[in-house]
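Fold and contact review
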Amino acid sequence: MSQLQASLLDLIRRTSTEVPDDVNRAILDSLEREKKGTIAESALKIIDQNIGLAKQKSQPLCQDTGSILFYVDCPVGMDQLAFEEAAHAAVLEATQKGFLRQNSVNSLTGVNDGTNLGPGSPTLHFHQHRSETIAVRLVLKGGGCENVGAQYSLPHGPLKAGRDLPGCRKVILDAVLQAQGKGCGPGILGVCIGGDRSTSYEFSKKQFLRTLPDRNPDPALDELEQDVLNTANELGIGPMGFGGKTTLLGVKICAINRLPASFFVSVSYMCWAFRRHGVTLAPSGEITQWLY
Amino acid sequence: MTPLKVPIDESTIRSLKVGDAVSISGTVYTGRDRVHKFLHDGGTLPQGLSLRGGIIYHCGPVVIQDADGQWKVTAAGPTTSIREEPYQAQIIRDLGLRAVIGKGGMGDQTLAACKEFGCVYLHAIGGAAQVLAECVTQVSNVYFREEFGSPEAIWELQIVNFPAVVTMDSHGRSLHAEVLQASQEALARHL
Ligand code: SF4
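Just so it is clear, the structure is predicted and the values come from calculations on it, not from any experiment. (Residues numbered from 1 in each chain as written. Chains lettered and ligands numbered in written order. Predicted model: local features only at pLDDT ≥ 70, side-chain atom pairs only at ≥ 80, totals over all residues. Heavy atoms only, no water.)

Side note on the interface of chain A and chain B
- Taken together, the contacts link 31 residues of chain A with 34 residues of chain B.
- For the pair chain A and chain B, the summed buried surface comes to about 2700 Å²; carbon and sulfur atoms form 66% of the total.
- Area buried by chain A at its contact with chain B is led by I46, Q63 and F242 of chain A, which between them contribute 23% of it.
- For the salt bridge of K57 of chain A with E134 of chain B, the shortest nitrogen-to-oxygen distance reads 2.9 Å.
- Between chain A and chain B we count 15 residue pairs in polar contact (both at pLDDT 80 or more) in total.
- Counting residues per element, the ones that place at least two in the side of chain A that touches chain B are α3 (39-57) and α6 (165-179) of chain A.
- The dominant element in the side of chain A that touches chain B, judged by the number of residues it contributes, is α3 of chain A, at nine residues.
- In the side of chain A that touches chain B, the residues fall into 17 nonpolar, nine polar and five charged. (Contact = heavy atoms within 4.5 Å. Buried area = accessible area lost by both parts, 1.4 Å probe. Salt bridge = Lys/Arg side-chain N within 4 Å of Asp/Glu carboxyl O. Polar contact = N/O pair within 3.5 Å; in protein donor to acceptor, adjacent residues only side chain to side chain. Helix = DSSP H or I, 4+ residues; strand = E, 2+ residues; numbered from the N terminus. Nonpolar A, V, L, I, M, F, W, Y, C, P; charged D, E, K, R; others polar.)

Structure, rendered in structure tokens:
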């Protein structure tokens, strides 16, 4: 096995079995905030236990090990095809070792060949930068929470949402309302304002690479993030939709340019089992640092 | 937490209310899409298998066989229940189920069947695969494994102190409907 493949396997193992520190802290904070003796509190306690147990046993946090999304920052001239081959080999091995469930199904035939390899699986996003380091971030995105994601085209008549920030706020909060607890809340929202339909969703997912306590450098978006987070937590949906104070753990929003003719707001919902880790790699493929 | 031992009688089920935390012990049977469709379309359970007074669990467990041929559950979280809504009411009636375990809640037909036949919907913690697998102490049997594949088979599991919450009771109340309505009203105040 190449050094790169071994490093990527370790990245997959850790991502599938351990939530990053920022998410763990947010869950513990919310446990403090919930009223004692409620079913919301007991749901969060079980979630907390599950996080501990998965890490201790080095077994998947959730049995749905999700869509496999790699985000790679690479130096100019890096061989992306060789990287892709190593990533595929690492995914196959992680599946054989049980860090990933056999989770990828041919959409036409319904056949699951048990490899997690196929069109769209895994997905790799490459991005060149003028630095010698390779940074690899991995998100495992569950299906239940993916199903409650939503894309709105503004203006939106029924919600009375116009093409402005108040309109964006209305549709994002509508997505939270529609999701209830069905995406295994408490959840984290990744939102993109603008773009074409597919780019917009893609950028919404990239927001999951940000840590939960970070603040948006754009004051208008920062305000919207805090506002949606606070408002959502006043809706009383709560963990698993049981009612309670913790509906969301975080909201991350970006804006990209759009055509004059369209105005999309894309909302991706991440479950509490927020699996995201990252590493920097030496040219040899060895892990030099964990990023989260 | 209210302890719940399978088999469960009707008066125990009728005493449960939305919001009660329960801790389940005894035998449960997994069943998801294939099983529900099969039973709904007139399929019958294997000879000798009865779920009367029992529990069906919407779950596709990860089960491995050890060196001695023993089955072992390594992940056992709930799957989304609403997919079984077209079938569940009939299956509660025909099989005499006293409880359904799953996640995300179910609709009006299931709620009505819970009221009519004395059944509850128990919400397990979505994603808590490891905690819930620890509650499974033994795999006693498996049915339809060849026909439906491992995750879709009926696994007969012995569970101990499996935590869940009553979110739909046998008196017509649904926590899901109530939280939806309350959150809709709360959102209207914030817009
Ligand atoms: S939504 Fe997340 S926690 Fe829930 S079952 Fe899917 S992957 Fe697991």
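Here we look at the pattern of salt bridges
All names here are of chain A.
- Inspection of the entire model under this criterion finds 24 salt bridges over all chains.
- The salt bridge involving K205 is made with E146; its shortest N-O contact spans 2.9 Å. Taken together, the residues span a long stretch of sequence, with K205 in helix α7 (residues 197-206) and E146 in helix α5 (residues 143-146) at a distance of 59 residues.
- Under the relative-accessibility criterion, K205 is labelled buried at 15%. (Buried < 20%, exposed > 50% of the residue type's maximum accessible area, 1.4 Å probe, protein only.)

Concerning the side chain of T65 of chain A
All names here are of chain A.
- One can find T65 in the loop between α3 and β1 (67-75).
- When its relative accessible area of 1% is taken as the criterion, T65 is described as buried.
- Among the polar contacts made by the side chain of T65, one reaches the main-chain amide nitrogen of R101 at a distance of 2.9 Å.
- Contact partners of T65, with chain neighbours within four places excluded, come to S16, P60, F99, L100, R101, N103, L140 and R275.

Points about the domain arrangement of chain A
All names here are of chain A.
- Splitting chain A by domain gives domain 1 (3-15 + 61-142 + 275-290) and domain 2 (144-270).
- Taking only C-alpha atoms into account, the centre of domain 1 sits 26 Å from that of domain 2.
- Domain 1 puts 10 residues into the contact, and the matching count from domain 2 is 13 residues.
- Among the residues domain 1 hides against domain 2, the three largest losses belong to Y71, K141 and R276. Together they make up 58% of the total.
- If you look at where domain 1 meets domain 2, you find one salt bridge.
- Run the count over domain 1 and domain 2 and you get five residue pairs in polar contact (both at pLDDT 80 or more).
- For the side of domain 1 that touches domain 2, the secondary-structure elements that each account for two or more residues are β1 and β3 (134-141). (Domains from an automatic or database assignment.)

Structural notes on the pairing of strand β2 (residues 123-129) of chain A
All names here are of chain A.
- For β1 and β2, the ladder comprises seven bridges, and the chain directions are parallel. Bridging from a neighbouring strand, V72 pairs with F126 of β2.
- With respect to chirality, the unit in which β1 leads through helix α4 (residues 80-96) into the neighbouring parallel β2 is right-handed. (Pairing = 2+ DSSP bridges. Right-handed = clockwise from strand over helix to strand, strands pointing away.)

Some points on empty space enclosed by the protein
- In the structure shown here, the tally under the stated rule is one cavity of 30 Å³ or more.
- Lining the largest cavity are S42 and I46 of chain A together with M1, A21, I125, P163, A164 and V165 of chain B.
- Where the lining of the largest cavity is concerned, the elements lending two or more residues are α3 of chain A together with β9 (154-168) of chain B.
- With three residues, the top contributor of residues to the lining of the largest cavity is β9 of chain B.
- Of the residues belonging to the lining of the largest cavity, the class tally is seven nonpolar, one polar and no charged. (1 Å grid on protein atoms, 1.4 Å probe; cavity = no way out; pocket = protein on both sides within 12 Å on 5 of 7 lines; lining within 4 Å. Points joined across faces, edges and corners; volume = space filled by probe spheres on them.)

Comments concerning the sheet that holds β3 of chain A
All names here are of chain A.
- Read from one edge of the open sheet, five strands run β2-β1-β3-β8-β9, paired in mixed fashion. Where the open sheet ends on each side, the last strands, each with one partner, are β2 and β9 (287-290). Sheet twist, expressed as the average angle between the axes of neighbouring strands with direction ignored, equals 20°.
- Two strands pair when backbone bridges link them, and strand β8 (residues 275-281) and β9 are joined in this way by three bridges, in the antiparallel orientation. Across the sheet, residue L281 finds its bridge partner in β9, namely I287.
- Set on the sheet, helix α1 (residues 3-17) makes contact with β1, β3, β8 and β9; between it and β8 the angle comes to about 155°. (Axes fitted to C-alpha atoms, helices over the stretch in contact; angles between N-to-C directions.)

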